[in-house]
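Below are the chains, spelled out letter by letter.
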Amino acid sequence: MREIEELQRPWRLWYTKPAVKWEEALPIGNGRLGGMVFGETGRERIQLNEDTLWAGFPRDTNNYEALRYLRPVRDLIMEGKYTDAERLINDKMLGVNTEPYQPLGNLWVEHIDGLEANRGGEYERELDLTTGIASTVYAYGAGTVKREAFVSTADDVMVITYEACGEALQLQVSADSLLPYHADAAADRLTLIGQCPSHVADNYRGDHPNPILFEKGRGLSFELQVQVQQEGGTITATGEGSLRIAGASRVTLLVSAATDFVRYDAAPAGGEKANARCTGRMAAAIGLGCAKLRERHIKEHSALFGRVTLDLGLTAAAYLPTDERLAAYRGGGEDPQLEALYFQYGRYLLMGSSRPGTQPANLQGIWNDRLQPPWNSNYTSNINVQMNYWPAEVCALGECHEPLFDMLAELAENGRRTALIHYGARGWAAHHNVDLWRASTPSGGDASWAFWPLGGAWLTRHLWEHYSFRPDKAFLRNSAYPLMKGSALFFLDWLVIGPEGYLVTNPSTSPENKFITESGEACSVSLASTMDISIIRELFTHCIEACLLLDEDHTFKEELEAALAKLPPYRIGRNGQLQEWYYDFGEIEPGHRHMSHLYGLHPGEQITRQTPELMEAVKTTLKRRLEHGGGHTGWSCAWLINQFARLGDGESAHRFVRMLLARSTHPNLFDDHPPFQIDGNFGGTAGIAEMLLQSHNGSIALLPALPQSWQAGSVAGLRARGGYIVDIAWSGGKWTTCSITAFDSGTCRIIHEGALVVTNAGGGSVICTDGAFAVKAGQSYLLTPYEQA
Ligand code: FUC
């Protein structure tokens, strides 16, 4: 029976016991409101988040002294006095730390009738990715209880239902928070009002005297409302901020939450605003009723989730609960379907943490239970927030990319001042740590990561990607290009003449690696790191293409072309590796987790089959990094999947899929950096897509990195640059049929050895020898390899 169910419902995580640890609980969310469902039988906990609930308030984080030191730092670097330059940057050119994302609280629902739960071990909890519903079923007294929880995007509320069979429900509902709060219950509604800190200090060592501050009138306010609806029985408020339900056969809890956040640069609106938002959503939800809410949620959720299907073959392990299945995989078992589940889970998590109008997915998506989450649960932009969005386009969730673009537009506003105040430059720049308040300045800390004025520039590639996957000139003209241009303007000013007459960045770091100076010291600061130049080259190239497409800014385009011609080329070092810095320095940590200098291979498109020498250098670089322990964090491992996919090395890519799942994955399939950090999930999903379909450099490659263990299978609904939907079926390691649907008319190019048969919707077919064929907007084409009779 179980086998049959798994065959029919492959996209679920399920368990035979409740979550004990937070990393075992199951995430639900609509990009704004998030919940971690524990599935406890006696006293259920749903840990809650709201995506604007952050510490802090709008403030000017610019360091007005920084510019004074730019010239001396540049001179020191030109003289080869790198450690002196680094010291000066650390002392004078950095800024203040960002603020952390905060947890909202917990909703508790307790059985208070003393009946024995979970009798005889009858228990199951699951998360169905296709519906976005987490459910728990367990024996209770002489009967059973079935619970469901989901967060609706359509109606912006969380809905929790309890359905009893055999026993009546006696429940107590309460809520609490780690933040200062007041809970009140009256009639059938529970309300919790709370306060966010005005400041939380980075306190990883735990020795800060006053790590959390609540300055009057500064932090955000928040409100949580829980409305109880029941069939049968009674409901009473306890007077201690909780509600008691007795004798009901069915109970629904509608959960609404909000803060008084207005904008990154505006003061909080005041508690009434949080209340009005909460109350408005709640009233609308009550008006709809539970059945309608559920129906509307499933319809909306499945429309997005169902766009992509993936079949990598079924394995015997499919009938095991997810945690046991993961353990079996860890023990060496093959389980391609678990890999497919991980792929779909990444899509689910992006849908749950980033939707139009919400905040972007942070280091933990939207799921966080700590006041001092690791790295503040920020948007860190030297790999992490970018990786969060790698699957967005190819996995057909382009709209989930939008919150990142909204953030970029705001970051550019702040970043304009930072460019001017810190560097005397035009345009805009943003550094490594970004929070709700859109801090564009360097944070405090160490230059190796804090001094990174390329965070914004790397993020602009996401705008270009969005355009490439779904070409829309209005988006390019109105949203993407102005931000790309602002970033490019900054770099026209930031680049200076360096050795050999090249235009270089100075100072420059290669996140977050350090090199060995001549005197044997570790240092992060020098000039023109390979990553800096790769990002700038790419940004200028994209801007030039945009100018041509939009037919505007011709003089600016010429300026960019002139600068582009003066950027230093890639260099191959003494070990045959792609050089990470301008000079061939030795690395302090040859197995460093960041693969920054390989940006041109992935996510960039500068190192391809057309540059075979550089491809070789990349392979040597990866070999060295791995020999010294590289890929040891979740995201680092996920990046390797993508890089090996780009190298067309399916076996190595798959080795890191295995490692990501076996070594860096929690029981709820959350990525384990360690600790939990969601980028690895997203990077893993993108990497699996990259193994099946690539579309950079103007042509589509089918199954470019298919490993032995995925011999037969199919994928449908992936997106390719140029504006295509691609379905591929394969067996014996080779694709057999492929369907391509074009959004626009044009020429589609497929990389394929040998001829293709291209059949159009009308059934007419042509033999195509160079892989290029004309397409019409909205039409589908069936491709098959041409076998000569
Ligand atoms: C970068 C990485 C760390 C971590 C942090 C959030 O600094 O080097 O591994 O992912 O971001």
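Note that the coordinates shown come from a computational prediction; the quantities given were computed from them, not determined experimentally.

Describing helix 7 (residues 336–353)
Okay, step 1: Under the 1.5 Å per step criterion, the end-to-end length of helix 7 is 26 Å for 18 residues, consistent within 8% with the ideal 26 Å.
Okay, step 2: The element helix 7 is largely enclosed, with a buried count of 18 among its 18 residues.

Here we look at empty space enclosed by the protein
Okay, step 1: In the structure shown here, the tally under the stated rule is eight cavities of 30 Å³ or more.
Okay, step 2: Volume-wise, the largest cavity comes out at about 220 Å³.
Okay, step 3: Those elements giving two or more residues to the lining of the largest cavity turn out to be helix 9 (390–394), helix 12 (455–469), helix 17 (634–646), helix 19 (679–692) and strand 26 (693–694).
Okay, step 4: The leading source of residues in the lining of the largest cavity is helix 12, at four residues.
Okay, step 5: Split into classes, the residues belonging to the lining of the largest cavity amount to seven nonpolar, six polar and six charged.

So, the site of the ligand
Okay, step 1: In the neighbourhood of the ligand, the contacting residues comprise L363, W375, T380, N382, N384, H432, E512, R593, H594, W635, H673 and Q677.
Okay, step 2: A distance of 2.9 Å separates an oxygen atom of the ligand from a polar atom in the side chain of W635.
Okay, step 3: Note that an oxygen atom of the ligand is positioned 2.9 Å from one of the side-chain N or O atoms of Q677.
Okay, step 4: Across the complex, the protein chains shield 97% of the 290 Å² of accessible surface that the ligand would expose by itself.
Okay, step 5: Here the shell around the ligand is built from residues that sort into three nonpolar, seven polar and two charged.

Looking at the domain arrangement of the protein chain
Okay, step 1: Parsing the protein chain into structural domains produces domain 1 (18–55 + 101–202 + 209–306), domain 2 (66–95 + 375–602) and domain 3 (708–785).
Okay, step 2: Domain 1 and domain 2 are separated by 41 Å when their C-alpha centres are compared.
Okay, step 3: The interface is formed by 12 residues belonging to domain 1 together with 14 residues belonging to domain 2.
Okay, step 4: When domain 1 packs against domain 2, close to 1200 Å² is buried across both sides, 60% of that on carbon and sulfur atoms.
Okay, step 5: The largest per-residue losses of area from domain 1 upon contact with domain 2 belong to W54, Y264 and L304, which jointly make up 60% of the total buried on that side.
Okay, step 6: Summed over the shared surface of domain 1 and domain 2, the result is one salt bridge.
Okay, step 7: Across the salt bridge formed by E413 and R263, the nearest N and O atoms sit 2.9 Å from each other.
Okay, step 8: Run the count over domain 1 and domain 2 and you get four residue pairs in polar contact (both at pLDDT 80 or more).
Okay, step 9: Considered class by class, the residues forming the side of domain 1 that touches domain 2 number eight nonpolar, one polar and three charged.

A look at the sheet that holds strand 15 (residues 221–231)
Okay, step 1: Read across the sheet, nine strands follow the order 1-6-7-8-9-18-15-12-11 without closing on themselves; strand pairing throughout is antiparallel. Single-partner strands in this sheet number two, and they are strand 1 (12–15) and strand 11 (181–186). On average, each strand axis in the sheet is tilted by 15° relative to the strand beside it, whichever way the strands run.
Okay, step 2: With respect to the sheet, helix 4 (residues 271–288) is in contact with strand 12 (189–195), strand 15 and strand 18 (250–259), its orientation differing from that of strand 15 by roughly 25°.

Rules of the game
- Each chain carries its own residue numbering, running from 1 in the direction its sequence is written.
- For this predicted model, a pLDDT threshold of at least 70 governs which residues receive local features, and a threshold of 80 or more governs which side-chain atom pairs are given and counted, while totals over whole chains, interfaces and linings are taken from all residues.
- Side-chain figures throughout are based on the complete set of non-hydrogen atoms in the structure, without hydrogens or water.
- The secondary structure listing takes helices from DSSP runs of H or I that are at least 4 residues long and strands from runs of E that are at least 2 residues long, numbered from the N terminus.
- Expected span of a helix, by definition, is 1.5 Å for each gap between consecutive residues, and there is one gap fewer than residues.
- For the exposure calls, accessible area comes from a 1.4 Å probe over protein chains only, and a residue counts as buried if that area is under 20% of its type's maximum, exposed if over 50%, partly exposed in between.
- Of the grid points, spaced at 1 Å and generated over the protein atoms alone, those admitting a 1.4 Å probe that cannot get out make up cavities, while open sets with protein on both sides within 12 Å along at least five of seven lines make up pockets; any residue with an atom within 4 Å of a point is treated as lining.
- Grid points are joined across faces, edges and corners, and a volume is the space filled by probe spheres set on the points.
- When residues are grouped by polarity, Ala, Val, Leu, Ile, Met, Phe, Trp, Tyr, Cys and Pro land in nonpolar, Asp, Glu, Lys and Arg in charged, and all others, Gly among them, in polar.
- Here, proximity means that at least one heavy atom of the residue falls within 4 Å of the molecule or strand.
- Under this definition, polar contacts are N or O atom pairs within 3.5 Å; protein pairs additionally need one hydrogen-donor-capable and one acceptor-capable atom, and for neighbouring residues in sequence, both atoms have to be side-chain atoms.
- For accessible areas, the Shrake-Rupley method is used with a probe of radius 1.4 Å. Any residue's cover is judged against the shown protein chains and nothing else.
- An automatic or database domain assignment provides the domain bounds reported here.
- Any two residues having at least one pair of non-hydrogen atoms within 4.5 Å are treated as being in contact.
- A 1.4 Å probe defines the accessible area here, and the buried area is the portion of it lost by two parts on being joined, summed over both.
- Criterion for a salt bridge: a side-chain nitrogen of Lys or Arg within 4 Å of a carboxyl oxygen of Asp or Glu.
- Any two strands are treated as partners once DSSP identifies two or more bridges connecting them.
- Helix axes use the C-alpha atoms of the stretch in contact, all axes being lines fitted to C-alpha atoms, and the angles between their N-to-C directions lie in the range 0 to 180 degrees.

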